[in-house]
Amino acid sequence: MVELIGDERLDHLLGENMRIIQSPSMFAFSLDTVLLAKFVYVPIQKGNLIDLCSGNGVIPLLLSKRTKGHITGVEIQEKIYQMAERTIAFNKLDSRIKFIHGDIKDMPTLLGQGKYDIVTCNPPYFPTPSNEEINKNEHLAIARHEIYCTLEDTIRVSSMLLKQGGKAAFVHRPGRLIDMITLMRKYRLEPKRLQFVYPRHGREANTLLIEATKDGSPDLKLLPPLVVYNEHNEYTDDVRNILYGK
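Here goes a summary of the coordinates provided.

### Brief notes about the overall build of the chain
From N to C terminus, the chain includes eight helices and eleven strands. For 246 residues, the compact-globule estimate of 2.2 N^0.38 gives 18 Å, and the chain sits close to it at 17 Å. Counting only residues that meet the buried cut, the chain has 52% of its 246 residues in that class. Nonlocal contacts in the chain, meaning residues at least 24 apart in sequence, comprise 67% of its contacts between residues at least 6 apart. Carbon together with sulfur atoms contributes 50% to the accessible area of the chain, which is approximately 12000 Å² in total. Treating the 32 positive side-chain charges of the chain as one cloud and the 30 negative ones as another, the clouds have centres 6 Å apart.

This is the structure:
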């Protein structure tokens, strides 16, 4: 059994034989997060992986199905961190996944630099607005807005944690692409794979997935576009295969 607090619920995790604790008032994972977990390259047999801004732990859970390596998640919000801890215990993955309650900016000092093969991050997308505009729900505001970390923080920290040749993967909004590439090169991360995600055919992209290699040589590959919904408002075959397997 697992302890559920307040409005928490225990959900099935897509097509995986795992469950995840979620809360509609605090945190529930998004499609963006799942796409990132399936997009990033991972070593199959071994390696050290770290997920920054980890939320309730969906990326570490999904990565555990793709790699036998050790996975660390970092989450600054204590209540959401506790949800992730209980989720990992429920799925009996304590030996492979650990969570840290802390600020990602402290991780290079706490964990050491150049220790990780893979870094993933679904960062807050939006600059911090005025008090009048910010979401009144503190948990959602922190997840969506750059209150505790900026885009530059996430890219700088990712580079510091990575070994030379290690890979960092992010999901973000297309409007920040130029900022991302500029910051990546500033911190020795060379973009290597880029994919745009479109809500429907004929619409503008609303999400991007990008992977960079630390000290890699310039050679960016633009992957085929990924369309989420078809004309019947159902997941396309491509997205369904990503989420649930073929």
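### Quick look at helix H3 (residues 78-90)
With 13 residues, H3 extends 18 Å between its outermost C-alpha atoms, agreeing within 8% with the 18 Å of an ideal straight helix rising 1.5 Å per residue. Considered for burial, the residues of H3 that qualify are Ile-80, Tyr-81, Met-83, Ala-84, Arg-86, Thr-87 and Ile-88. Trailing H3 by a residue or two, Lys-92 shows a phi angle of about 55°, which is positive.

### Topic: the nonpolar core
Ranked by internal contacts, the top residues of the largest apolar core, which has 33 residues, are Leu-13, Val-58, Leu-61, Leu-63 and Leu-209. Where this core is concerned, the elements lending two or more residues are helix H1 (31-39), helix H2 (58-63), H3, strand E5 (97-101), strand E7 (162-172) and helix H8 (237-244). Sequence-distant contacts of Leu-61, defined by excluding residues within four places in its chain, comprise Leu-13, Met-18, Arg-19, Ile-20, Thr-87, Ile-88, Asn-91, Leu-93 and Ile-97.

### A closer look at the side chain of Glu-211
Counting through the fold element by element, Glu-211 comes out in strand E9 (residues 207-214). By relative accessible area, which is 3% here, Glu-211 ends up buried. Within the local environment of Glu-211, its side chain forms a polar contact with the backbone nitrogen of Tyr-41, the two atoms lying 2.8 Å apart. Not counting the four nearest positions on each side in its chain, Glu-211 is found in contact with Phe-39, Val-40, Tyr-41, Lys-167, Ala-168, Ala-169, Glu-190, Pro-191, Lys-192 and Arg-193.

Parameters at a glance
- Along each chain, residues carry numbers from 1 onward, in the same order as the chain's sequence is written.
- For this predicted model, a pLDDT threshold of at least 70 governs which residues receive local features, and a threshold of 80 or more governs which side-chain atom pairs are given and counted, while totals over whole chains, interfaces and linings are taken from all residues.
- Only hydrogens and water are set aside; all other atoms, that is, all heavy atoms of the structure, feed into the side-chain values.
- Helical segments are the DSSP runs of H or I of at least four residues, strand segments are the runs of E of at least two, and each set is numbered from the N terminus.
- Based on C-alpha atoms, the radius of gyration is set beside the globule rule, defined as 2.2 Å times the residue count to the power 0.38.
- Exposure is judged per residue with a 1.4 Å probe applied to protein chains only, and the accessible area is read against the type maximum: over 50% gives exposed, under 20% gives buried, and values in between give partly exposed.
- Contact between two residues is taken to exist if any of their heavy atoms lie within 4.5 Å; hydrogens are not considered.
- Here the Shrake-Rupley method, with its probe set to 1.4 Å, supplies the accessible areas, and only the displayed protein chains count as covering residues.
- Only four residue types enter the charge count: Lys and Arg as positive, Asp and Glu as negative, with His and the chain ends excluded.
- Charge positions are represented by NZ for Lys, CZ for Arg, CG for Asp and CD for Glu.
- To estimate the expected span of a helix, subtract one from its residue number and multiply by 1.5 Å.
- To define a nonpolar core, start from buried Ala, Val, Leu, Ile, Met, Phe, Trp, Tyr and Cys residues and group those joined through side-chain atoms within 4.5 Å.
- A 3.5 Å cut-off defines polar contacts: any pair of N or O atoms within that distance qualifies, except that in protein one atom must be a possible hydrogen donor and the other a possible acceptor, and neighbouring residues in sequence count only when both atoms are side-chain atoms.

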